[in-house]
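# Per-entry structural report
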Amino acid sequence: MTEDERARITMQFLYALRSKGVTDARILSAMERIDRGAFVRGIFAERAYEDMPLPIACGQTISQPSVVGLMTQALSVGPRDRVLEIGTGSGYQAAVLSLLCRRVYTVDRHRRLVREAQAVFEALSLPNIVALATDGSRGLPDQAPFDRILVTAAAEDPPGPLLSQLKIGGIMVLPVGQSDTVQSLIRVTRLETGFDYEELRPVRFVPLVEGMAGD
């Protein structure tokens, strides 16, 4: 790929993000710096810069870039924040977050996905990401509380263990829904007196599954 082709693809990529509502300059800069192509393998690699979800290993998907941008924007991440991501997947979302906060803890029930994502994090020199193979529905109680929590799989309701690991004033963004056809992205803010829930937009994610996968 020539420099001119790369510049054109990058411009189209950023234009697609802006047209879908990703307007935060820090997030656009981070998504320009993190090459989505590094996280897409095989026959789908040539479609890495299109605004669409793509299949990855273990029956999972890499979310479309505009959804990654909108979820990150909804999270309101600050440079000193410690962020927990549930559902490492390809590692793309964690990589974007790593440029915006102090530390990202990302977990997945598929050991293979964690191994492959970790290799990409190392290749891209992203040392502030801790990737762990564990049951994401339980969170990471040993590292809690977190300033921000991002869940990239859909539950029927926000999981109690994750709500309890959110700091007062912290924000969690996640899809909720009882089926893979009707899901809403919501933002939960932990208050002194409880939780505030805000519905953001319809989405479609793989379900949040308890326990470890057999890989």
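In case you missed it, the structure is sitting above this.
Figured I'd write up the structure that's included with this text. Keep in mind the model is a prediction, meaning the values are calculated, not measured.

## Digging into the packing of aromatic side chains
Under the definition given, this model contains two aromatic pairs. Between tyrosine 105 and phenylalanine 146, the ring centres sit 5.8 Å apart and the planes meet at 65°, which makes this aromatic pair edge-to-face. Within this pair, whereas tyrosine 105 is found in strand E4 (residues 103–108), its partner phenylalanine 146 is found in strand E6 (residues 146–151), the two being separated by 41 residues in sequence. The same class applies to tyrosine 105 as to phenylalanine 146, namely buried. Across the ring face of tyrosine 92, the terminal group of arginine 36 is positioned such that the distance to the ring centre comes to 6.0 Å.

## Some details on helix H3 (residues 65–75)
Burial analysis of H3 places ten of its eleven residues in the buried class, the great majority of the element. Positive phi shows up at serine 76, right after H3, with a value of about 50°.

## Things to note about helix H2 (residues 25–33)
When H2 is considered as a whole, its buried residues turn out to be Ile27, Leu28, Ala30 and Met31. Down the axis of H2, the smallest arc covering the buried residues is 160°, so these residues share one side. Facing away from the buried side of H2, by more than 90 degrees, are the exposed residues Ala25 and Arg33. Backbone nitrogen of arginine 26 and a side-chain oxygen of the N-cap are separated by 2.8 Å at the start of H2; the cap is aspartate 24.

## Topic: the pattern of salt bridges
Under the counting rule described, the total for this entry stands at seven salt bridges. Between aspartate 147 and lysine 167 there is a salt bridge, with its nearest N and O atoms 3.1 Å apart. Of this pair, aspartate 147 sits in strand E6 while lysine 167 sits in strand E7 (residues 166–176), and the two are 20 residues apart along the sequence. Its relative accessible area of 12% is what places aspartate 147 among the buried residues. Notably, a salt bridge pairs glutamate 198 with arginine 187, separated by 2.8 Å at the nearest N-O pair. Pair noted here: glutamate 198 is in strand E9 (residues 194–203) and arginine 187 is in strand E8 (residues 183–191), with a separation of eleven residues, a long-range link.

## A look at the packing of helix H1 (residues 3–19) against H2
Between H1 and H2, the shortest axis-to-axis distance is 11 Å and the interhelical angle comes to 145°. Here the hand of the crossing between H1 and H2 comes out right-handed. Residues Thr10, Phe13, Leu14, Leu17 and Arg18 of H1 form the contact with H2, whose participating residues are Leu28, Met31 and Glu32.

Definitions and limits used
- Residues numbered from 1 in each chain as written.
- Predicted model: local features only at pLDDT ≥ 70, side-chain atom pairs only at ≥ 80, totals over all residues.
- Heavy atoms only, no water.
- Phe/Tyr/Trp six-rings, centres within 6.5 Å; stacked < 30°, edge-to-face > 60°.
- Helix = DSSP H or I, 4+ residues; strand = E, 2+ residues; numbered from the N terminus.
- Buried < 20%, exposed > 50% of the residue type's maximum accessible area, 1.4 Å probe, protein only.
- Lys NZ or Arg CZ within 6 Å of the ring centre and 35° of its normal.
- Arc of directions from axis to C-beta.
- Polar contact = N/O pair within 3.5 Å; in protein donor to acceptor, adjacent residues only side chain to side chain.
- Salt bridge = Lys/Arg side-chain N within 4 Å of Asp/Glu carboxyl O.
- Axes fitted to C-alpha atoms, helices over the stretch in contact; angles between N-to-C directions.
- Left-handed = near helix turned anticlockwise from the far one by under 90°.
- Contact = heavy atoms within 4.5 Å.

None of this, on its own, says anything about what the molecule does.
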